[in-house]
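Architecture and fold: a report
Chain residues, written in single-letter form:
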Amino acid sequence: MLKLPALTPDRRNLVILTAAALLLGLVGLGNVPLRDFDEGYYATVAQDTYLRGDWRFPTYHGQGFLLKPPLIVWLISLSYSLLGINEFSTRLPMAVLSALAVPLLYGIGREIFQERKAALYSAVILLTLLPVVRLGRLAMLDGMINTFLLWSLFCLLKGRKNPRWLLGIGFGLGAIALCKGVIVLVLSLIHI
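Below is a short write-up of the structure. (Residues numbered from 1 in each chain as written. Predicted model: local features only at pLDDT ≥ 70, side-chain atom pairs only at ≥ 80, totals over all residues. Heavy atoms only, no water.)

A few points about helix H3 (residues 71-83)
If you check H3, its first and last C-alpha atoms are 18 Å apart, about what 13 residues at 1.5 Å a residue would give, namely 18 Å. The complete set of buried residues in H3 reads Leu 71, Ile 72, Val 73, Ile 76, Ser 77, Ser 79 and Tyr 80. Looking at the buried positions of H3, the neighbouring elements they touch are helix H2 (37-52), helix H4 (87-99), helix H8 (142-158) and helix H9 (167-179). The positive-phi residue at the C-terminal boundary of H3 is Gly 84, with phi of around 90°. (Helix = DSSP H or I, 4+ residues; strand = E, 2+ residues; numbered from the N terminus. Expected span 1.5 Å × (residues − 1). Buried < 20%, exposed > 50% of the residue type's maximum accessible area, 1.4 Å probe, protein only. Contact = heavy atoms within 4.5 Å.)

Things to note about the packing of helix H5 (residues 101-112) against helix H6 (residues 116-128)
H6 packs onto H5 with a crossing angle of 155° between their chain directions and a minimal axis gap of 8 Å. Taken together, H5 and H6 sit at an angle that is classed as roughly antiparallel. The crossing of H5 and H6 is right-handed. Contact residues: Ala 101, Val 102, Leu 105, Tyr 106, Gly 109 and Arg 110 in H5; Arg 116, Ala 119, Leu 120, Ser 122, Ala 123, Leu 126 and Leu 127 in H6. The residue inventory of the contact of H5 with H6, partitioned by class, reads nine nonpolar, two polar and two charged. (Axes fitted to C-alpha atoms, helices over the stretch in contact; angles between N-to-C directions. Parallel < 35°, antiparallel > 145°, perpendicular 65-115°, else oblique. Left-handed = near helix turned anticlockwise from the far one by under 90°. Nonpolar A, V, L, I, M, F, W, Y, C, P; charged D, E, K, R; others polar.)

Overview of the environment of Thr 90
Tracing the backbone shows Thr 90 in helix H4. Taking relative accessible area as the criterion, Thr 90 reaches 1% and is therefore assigned buried. Along the backbone, Thr 90 and Leu 29 are 61 residues apart, and their C-alpha atoms lie at a distance of 9.4 Å. Once residues lying within four places of it in the same chain are set aside, the contact partners of Thr 90 are Leu 34, Ala 43, Ile 76, Tyr 80 and Ala 139. Polar side-chain contacts of Thr 90 include one of 2.8 Å to the backbone oxygen of Asn 86. (Polar contact = N/O pair within 3.5 Å; in protein donor to acceptor, adjacent residues only side chain to side chain.)

Let's talk about the packing of H8 against H9
Packing of H8 against H9 brings their axes to within 7 Å, and their N-to-C directions diverge by 165°. Classed by the angle they form, the pair H8 and H9 counts as roughly antiparallel. Every pair of crossing elements has a handedness; the one defined by H8 and H9 is left-handed. Across the interface between the two elements, Met 144, Ile 145, Phe 148, Leu 149, Trp 151, Ser 152, Cys 155 and Leu 156 of H8 pack against Gly 168, Ile 169, Phe 171, Gly 172, Leu 173, Ala 175, Ile 176 and Cys 179 of H9. Grouping the amino acids of the contact of H8 with H9 by side-chain chemistry returns 13 nonpolar, three polar and no charged.

Overview of the packing of aromatic side chains
All chains considered together, the criterion is met by eight aromatic pairs. Judged by centre distance (5.5 Å) and plane angle (20°), the rings of Phe 37 and Tyr 41 are stacked. Here Phe 37 pairs with Tyr 41, and both are found in helix H2, just four residues apart, close to one helical turn. Judged by its relative accessible area of 64%, Phe 37 is exposed. Residues Trp 151 and Phe 154 carry aromatic rings whose centres are separated by 6.1 Å and whose planes lie at 40° to one another, so their mutual orientation is tilted. (Phe/Tyr/Trp six-rings, centres within 6.5 Å; stacked < 30°, edge-to-face > 60°.)

This is how it looks when you write it as structure tokens:
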């Protein structure tokens, strides 16, 4: 009989929080049509990109799409290639990335607070905030940017003990730049 090792309380909390966030983020994801202007816009660009097969130069109805950096278009196009073109596959990448913000906040809380409860409560509050849940389930940039910012903060805190984690800050900020480039410029001014 295969015996699995016991989970530490932190790992157990991470598993539960991640499962709850994914469950809330994915249940009924494709049951309603795309509703916000952004969702339709990004879905159209991703569909054009996917059907043309040229991921280097996204288009919107045949015209160059230069309004936003291409990460969201690439992720939706990848989802289309795996699951077909529908509402669920349009929203899936953002829902998964947004759900990852919950365990990341728990990790940040564990780095900041001495008590596990404070980190757990922080993550549960984020899990249940209506704007986070709603925007994270839509094909919009907000949830992804939140997750990448939390990743950068998590890496910054972990970098105090192990400098290798500091490379993750660059990954997080680079991902934000691929979502909405201007925000990285604003974030870079925070230390001043």
